[in-house]
Amino acid sequence: MKLSLGPVLYYWPQRQVADFYDQAVSSSVDIIYLGEAVCSKRQELRTPDWLELAAELSEAGKAVVLSTLSLIEARSELSLLRKICDNSGCLIEANDMAAVNILAEKKLPFVTGSSINIYNAYSLKRLYSSGCQRWVMPVELNRTTLKNILIDAEKLGFADKIETEVFSYGRLPLAYSARCFTARAKNLPKDDCQLRCLEYPDGIPLDTQENQSLFTINGIQTQSGYIYNLRDEYSTMAEIGVDVMRISPTSTDTFEVIEQFNQVIQEGGGASQMIASDIKNDEFCNGYWYGRPGMETT
Amino acid sequence: MELVCPAGSLPALKAAVDNGADAVYIGFKDDTNARHFAGLNFNDRKAKSALEYVRANNVKLFVAINTYPQPHSWSRWQAAVDQAADLQADALIIADLGVLDYARERYPGLNLHLSVQGSATNIEALAFYKNNFGIKRAVLPRVLSLAQVKQVAASSPVDLEVFGFGSLCIMAEGRCHLSSYVTPESPNTCGACSPASAVRWSETDKGRESRLNNVLIDRFREGENAGYPTLCKGRFQVEGQTYHALEEPTSLNTLQLIPQLDDIGIKAIKIEGRQRSPAYVEQVVRVWREALDSYKKIGSNFVTRGEWLDALANVSEGSQTTLGAYSRPWQ
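None of the values given here were measured: they were computed from a predicted structure.

Moving on, we get to the sheet that holds strand β10 (residues 215–220) of chain B. Residue and element names in this part refer to chain B. Taken in spatial order, the 3 strands line up as β8-β9-β10 in an open sheet, and their pairing is antiparallel. Each of the sheet's edge strands pairs with one partner strand only, and the pair in question is β8 (199–204) and β10. Averaged over all pairs of adjacent strands, the angle between their axes in this sheet comes to 25°, without regard to strand direction. Alignment of strand β9 (residues 207–212) against β10, held across 5 bridges, turns out to be antiparallel. Along β10, the bridge assignment pairs L212 with V215.

The following block contains the structure:
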């Protein structure tokens, strides 16, 4: 089992990003996803900066993947995507079918992110034929579906040629909109958002009128309110055939979380009993994995 | 532009045809389509009656098979494609890559349309579906501004259909998991968003409350119009303020954009609402037929009539309509 660090889904100042990846180099993650996956206006780091960072991390021994935008609407966003696919020299994470098409035409391998809809092995096979070498399961799917997809993939004869990754820690990416909800919260038009996302390193909490945590506003992206935590599912994942567990960055304790996950993996899942108590934290959820509503805890 | 109208039942289909639909889209009676609600949709016999009625009136029939099958239910989607092919529907509206692949391989002569649930918002994504499955048309998600629709249309490899009227999804369709985060059902897996089975209303001393799977979606004061608790249209707290943090209860209405949409080369206008009554279908289709005919006749002198807007407002969510993402300030 490998550990991956997902792309930073929030908008952090350049300095914070640099510090974050300084720490990531010496952490236990095997794979690092870099780049902007949410909003094209977020340019504290531009493509050349990401590429430079990618080269550094790669030199330090990490497998680097460049993530791309999840929702591509403007012509400028498409041009940027083409540029990244043309020049990066990195493995790319496609988060929209646009990237899949560009990379397939160039006969370049790619990873599909969780916003690419793969709900069965036939879809996965189609993407495998186009160059997909690793896929991240859509977040709303459960362990039984995943198990069956991989069994079917085996019957279709390509299961051993593709890696499976599961979003295993962090606020779940749930939806993408034309509307920027951060700008809306600030009473600003999207075209004059003043980059207010910079003020919220973990997004803006959205609660019900009974103060129950529901969602997290992150620009045009809506995330879960609770943090999805599948750390204790390591053994099941290993059994099903999951190759990579993904940890999605938060601004506070990402590296502690990585070490906890690493400990569980190193000890073959045994450690989960010892630290299972802290996973009952109110802010965690794991419903999707058990085929329940995502926000529930089983 | 072709007027593509919804039908969740045979009476609704007849209402659509009688009031001027160019095409009607339907779904089968299971979770293979994105309006999988109790009492709705067509079994084999009803689908055949639907086909007879549209054929007799020279109207097209599209079948939506636009949810995402999982391994345990794959055969149901396969059967739906077989059934639609057997019916000789004029087009199948599909989202899933595997289902597209199956339809393309098994029935190379079928017209395939990419469903809005396929979430293709740009020409590269459209090209993927065209190159791999030979789709003839795609329905654009309701996330593009008019200027962006124009850009896509200018170099789209396939014909484009856009939403003209009906419930407004504010998230990119096919990529919204809000419903399954809170309830057991989602559009992609079950063809349902904020399902009625999860809704609970209660009168409390704080007002009338609407809940989804026990999560408070909204609270209404006396006399306030209490709309259906769709997740993205509730009132929530953000930084101490309580408001419609994502969107107000409102419907999309683009009647006024008819000339621009036609100018930029949009081939079809879709009316949302297979879950709505035959009366809704009749009202909306009649207005849109009149509007499109009026535009055809007088071209650039086209103006929206007050009576049309009144009629549409009557059947709109919260009696409000918006241009949604087509209008940049909305975003």
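Picking up after the structure, the text goes on.
Attention shifts here to the interface of chain A and chain B. Taken together, the contact pairs 53 residues of chain A with 55 residues of chain B. The residue inventory of the side of chain A that touches chain B, partitioned by class, reads 28 nonpolar, 14 polar and 11 charged.

In this section: the environment of V162(B). Residues and elements named next belong to chain B. Along the chain, V162 turns up in strand β7 (residues 159–167). Here V162 falls in the buried class, since 26 other C-beta atoms lie within 10 Å of it. Between the C-alpha atoms of V162 and V116, which are 46 residues apart in sequence, the distance is 8.9 Å. When near neighbours in sequence (up to four residues on either side) are disregarded, V162 contacts L140, V149, L261, I266, I269 and K270.

Glancing now at the nonpolar core. Residue and element names in this part refer to chain B. One finds A16, V24, I65 and L92 to be the most contacted residues of the largest nonpolar core, which totals 207 residues. With 9 residues, helix α10 (residues 278–298) is the largest single contributor of residues to this core. Residue assignment places this core across two domains, with domain 1 (2–168 + 250–330) and domain 2 (178–243) each supplying three or more.

The next subject is the environment of A183(A). All names here are of chain A. Of note, A183 is situated in helix α7 (residues 181–185). The sequence separation of A183 and Q194 amounts to 11 residues, and the corresponding C-alpha distance is 8.3 Å. Every residue in contact with A183, bar those within four places of it in the chain, is listed here: L188, P189, K190, C193 and R196.

Turning next to the pairing of strand β14 (residues 268–271) of chain B. Here is the key point about a regular strand: its side chains alternate between the two faces of the sheet. Residue and element names in this part refer to chain B. On β14, burial covers both faces: A268 and K270 on one face and I269 and I271 on the other are all buried. Here 3 bridges tie strand β1 (residues 2–6) to β14, and the two strands are oriented parallel to one another. Looking at the pairing, V4 lines up with K270 of β14. As defined by bridge partners, β7 adjoins β14 across 4 bridges and the pair is classed as parallel. For V162, the partnering residue across the bridge sits in β14 and is I269.

Residues and elements named next belong to chain A. Between the first and last C-alpha of helix α2 (residues 47–59) there are 18 Å, a value that for 13 residues agrees with the 18 Å anticipated at 1.5 Å per step. Taken together, the buried positions of α2 are W50, L51, L53 and A54. Projected onto a plane normal to the axis of α2, the buried residues spread over an arc of 165° and lie on a single side. Seen from the open side of α2, the exposed residues pointing more than 90 degrees away from its buried face are P48, E52 and E59. Directly after α2, the chain includes G61, whose backbone phi takes a positive value near 100°.

Turning our eyes to something else, we now look at the packing of helix α5 (residues 121–130) of chain A against helix α4 (residues 97–106) of chain B. Two numbers describe how α5(A) lies on α4(B): the axes approach to 7 Å, and their chain directions differ by 85°. For the element pair α5(A) / α4(B), the angle class is roughly perpendicular. Where α5(A) abuts α4(B), its residues Y122(A), S123(A), R126(A) and L127(A) lie against L97(B), G98(B), D101(B) and Y102(B). Here the contact of α5(A) with α4(B) is built from residues that sort into 4 nonpolar, 2 polar and 2 charged.

Before going further, it helps to spend a moment on the domain arrangement of chain B. Residue and element names in this part refer to chain B. Domain annotation of chain B identifies domain 1 (2–168 + 250–330) and domain 2 (178–243). Using C-alpha coordinates to define each centre, domain 1 is positioned 27 Å away from domain 2. Tallying the contact residues gives 12 residues for domain 1 and 8 residues for domain 2. Residue composition of the side of domain 1 that touches domain 2, grouped by class: 3 nonpolar, 6 polar and 3 charged.

Moving on to unusual backbone geometry. Trans peptide bonds make up the majority, and among non-glycine residues the majority have a negative phi. Residues and elements named next belong to chain B. For N41, which is not glycine, the phi dihedral falls at a positive 85°. Following the sequence through the fold, N41 ends up in the loop between β2 (23–26) and α2 (44–56). Among the residues examined, N41 registers 24 C-beta atoms within 10 Å and is labelled buried.

This next bit is on the packing of α10(B) against helix α11 (residues 306–314) of chain B. Between two packed helices, the angle of one axis relative to the other and the distance separating the axes together describe the packing. Residue and element names in this part refer to chain B. Where α10 contacts α11, the axes come no closer than 9 Å and their chain directions differ by 155°. Taken together, α10 and α11 sit at an angle that is classed as roughly antiparallel. By crossing handedness, the relation of α10 to α11 is classed as left-handed. Along its contact with α10, which presents Q283, V284, V287, E290 and A291, the element α11 presents W308, A311 and L312.

Thresholds applied
Residues numbered from 1 in each chain as written. Chains lettered and ligands numbered in written order. Predicted model: local features only at pLDDT ≥ 70, side-chain atom pairs only at ≥ 80, totals over all residues. Pairing = 2+ DSSP bridges. Helix = DSSP H or I, 4+ residues; strand = E, 2+ residues; numbered from the N terminus. Axes fitted to C-alpha atoms, helices over the stretch in contact; angles between N-to-C directions. Contact = placed C-beta atoms within 7 Å. Nonpolar A, V, L, I, M, F, W, Y, C, P; charged D, E, K, R; others polar. Buried ≥ 20, exposed ≤ 12 C-beta atoms within 10 Å, placed from the backbone. Core = buried A, V, L, I, M, F, W, Y, C linked by C-beta atoms within 7 Å. Domains from an automatic or database assignment. Expected span 1.5 Å × (residues − 1). Arc of directions from axis to C-beta. Parallel < 35°, antiparallel > 145°, perpendicular 65-115°, else oblique. Left-handed = near helix turned anticlockwise from the far one by under 90°.

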